[in-house]
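Listed below, chain by chain, are the residues.
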Amino acid sequence: MAVEPSPAPVAVVDCGTNSTRLLIDDGTGLGQRLLRITGLGRGVDAGGRLRDDAIGRVVDVLREYRQIIEDRQATAVRAVATSAARDAANGAEFLQRASEALGTDVERLDGDAEAAYGFAGATTGLAGRGTSSDPDAPTDSALAERSAALVLDIGGGSTEFAYGMPSTDARPDAATSVDMGSVRWTERFLASDPPRPEELSSAISVARLHLDDIERDHPVIAQGAAAARLVGIAGTVTTVAAVEIGLDPYDPEVIDGFVLSRAAAEDVFRTLATERLADRVHNPGLHIDRAPVIVGGCCILVAVMRHWDIDECIVRERDLLDGIAAELREAQASPAAELREAGTDAAR
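What you see is a predicted model, and the numbers here were worked out from it, not measured in a lab. (Residues numbered from 1 in each chain as written. Predicted model: local features only at pLDDT ≥ 70, side-chain atom pairs only at ≥ 80, totals over all residues. Heavy atoms only, no water.)

## Let's talk about the pattern of salt bridges
- Scanning all chains against the criterion turns up 27 salt bridges.
- Linking E70 and R66 is a salt bridge whose minimum nitrogen-to-oxygen distance equals 3.5 Å. With E70 and R66 both in helix α2 (residues 52-72) and 4 residues apart, this pair spans about one turn of that helix.
- E70 gets classed as partly exposed once you look at its relative accessible area, which sits at 45%.
- By relative accessible area, R66 is classed as partly exposed at 33%.
- Each member of the salt-bridge network shares a partner with another, and the members are D45, D87, D179, R184 and R188. (Salt bridge = Lys/Arg side-chain N within 4 Å of Asp/Glu carboxyl O. Helix = DSSP H or I, 4+ residues; strand = E, 2+ residues; numbered from the N terminus. Buried < 20%, exposed > 50% of the residue type's maximum accessible area, 1.4 Å probe, protein only.)

See the structure below:
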């Protein structure tokens, strides 16, 4: 019996505020995922510029990723930069250096597009997702019976919200980006170690003011958020889930589809927020390089769950990277792409 060849992989790179990530995706499973904490956006909120050392860290990682992409023979590559590159006065300089290191253009992605791609990735295969750490909980969460999804992407410099009905084309009814994130909130509000109660209160209160703005500007989110499935993606949410489980080493297969209860999120928040950084790093499931900013991200997560009185959050490993990868694969499979490939073969 002939063995079917594996689909040709595509590669997606995300230069985020706190991390630089790579997905090698062939359309099956979660793909090969790499993450390096590079801290590109540290200091941008206050100084307005990307630091040379931060740019250097990202450039080094992109050179590493370039070799992996070439070794895996990816047939299509797309690279994006998000919040830090959008905000920094020297963002164009960074994009040029990043593009040279990666060997392909690194483009600045606007916040609404970031939210829409995150929605597309997070809602892929969402039906039936929902497992809990509670051994007495039913296999299928009540969340799975709800149709609409509110996708929450807490990044380092921005947080994206996208609301809609998961479908084959996965286009949200509303998508928006807000300038609050784990790095930005840490630098803006959490000066003490551990943070003082008033610092934490300010961080949560200001986050909820942003949520008020979202409700005003996007009535569909205001009307549907409380009843929708909250779907959390990116480092803050996956880390909180990993800490709740005590997952060490980290395993994306375990995290993808895990249901994080509001009570568990609040408990992890209290634990991490009341520890000094030197103690916080010892929590199983918490990457040592994410420890300095995780409390800032937790402030945003609990603010969202409190604001809309949401009891559970489905945690996904699929996110922005997967949304872009699906688009790349769709473009390759289009009739125009097939005609171009046939023309190339004929010319050989």
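Further notes follow.
## Considerations on the sheet that holds strand β6 (residues 149-154)
- Within the open sheet, the 6 strands sit side by side as β8-β7-β6-β9-β11-β10. Their pairing is mixed. At either end of the open sheet lies a strand with only one pairing partner, and these are β8 (174-178) and β10 (259-261). Direction aside, the axes of adjacent strands within the sheet are offset by 25 degrees on average.
- With 6 bridges joining them, β6 and strand β7 (residues 159-164) adopt antiparallel strand pairing. Note that in β7 the partner of V151 across the bridge is A162.
- Across the sheet, helix α13 (residues 294-307) touches β6, β7, β9 (229-233), β10 and β11 (312-315), and the angle it forms with β6 is around 160 degrees. (Pairing = 2+ DSSP bridges. Axes fitted to C-alpha atoms, helices over the stretch in contact; angles between N-to-C directions. Contact = heavy atoms within 4.5 Å.)

## Brief notes about the sheet that holds strand β4 (residues 76-81)
- Across the sheet, which stays open at both edges, the 5 strands sit in the order β3-β2-β1-β4-β5 with mixed pairing between neighbours. Strand pairing shows two members of the sheet lacking a second neighbour, β3 (32-37) and β5 (106-108), which therefore form its edges. Along the sheet, successive strands turn relative to each other by an average axial angle of 20 degrees, direction set aside.
- When strand β2 (residues 19-25) meets β3, the two strands line up antiparallel, connected through 6 bridges. The partner of T20 across the bridge, within β3, is R36.
- Of the strands in this sheet, β1 (10-15), β2, β3 and β4 touch helix α14 (residues 320-333), which is tilted by about 145 degrees from β1.

## Looking at the packing of aromatic side chains
- Across all of its chains, the model carries 2 aromatic pairs by this definition.
- Ring geometry for W185 against F189: centres 4.9 Å apart, planes inclined by 70 degrees, an arrangement best described as edge-to-face. Remark: F189 and W185 occur in helix α6 (residues 182-189); sequence separation between them is 4 residues, near one turn of the helix.
- The exposure class assigned to F189 is buried, which follows from its relative accessible area of 15%. (Phe/Tyr/Trp six-rings, centres within 6.5 Å; stacked < 30°, edge-to-face > 60°.)

## Let's talk about the confidence of the model for the chain
- Put simply, the chain has an average pLDDT of 90, and 88% of its residues get 70 or more.
- Below pLDDT 50 for its whole length, residues 131-145 participates in 19 contacts with residues either more than four positions away or in separate chains.
- pLDDT under 50 marks residues 337-348. Its contacts with residues more than four places away, or in other chains, come to 3 contacts. (pLDDT = per-residue confidence, 0-100.)

## Some thoughts on the layout of surface pockets
- In this structure, the largest pocket encloses a volume near 910 Å³.
- Along its surface, the largest pocket is lined by 45 residues, and R21, L35, G235, T238 and R290 are the ones closest to its centre.
- Of all elements in the fold, only β2, β3, β6, α9 (235-245) and α14 reach the threshold of two or more residues within the lining of the largest pocket.
- Sort the elements by how many residues they give to the lining of the largest pocket and β3 lands first, with 5 residues.
- Classifying every residue of the lining of the largest pocket gives 15 nonpolar, 19 polar and 11 charged.
- By volume, the second largest pocket amounts to about 560 Å³.
- What lines the second largest pocket is a set of 22 residues, among which A120, D169, A170, G323 and A326 lie closest to the centre.
- At 6 residues, α14 tops the list of elements feeding residues into the lining of the second largest pocket.
- Of the residues contributing to the lining of the second largest pocket, the split by class is 7 nonpolar, 7 polar and 8 charged. (1 Å grid on protein atoms, 1.4 Å probe; cavity = no way out; pocket = protein on both sides within 12 Å on 5 of 7 lines; lining within 4 Å. Points joined across faces, edges and corners; volume = space filled by probe spheres on them. Nonpolar A, V, L, I, M, F, W, Y, C, P; charged D, E, K, R; others polar.)

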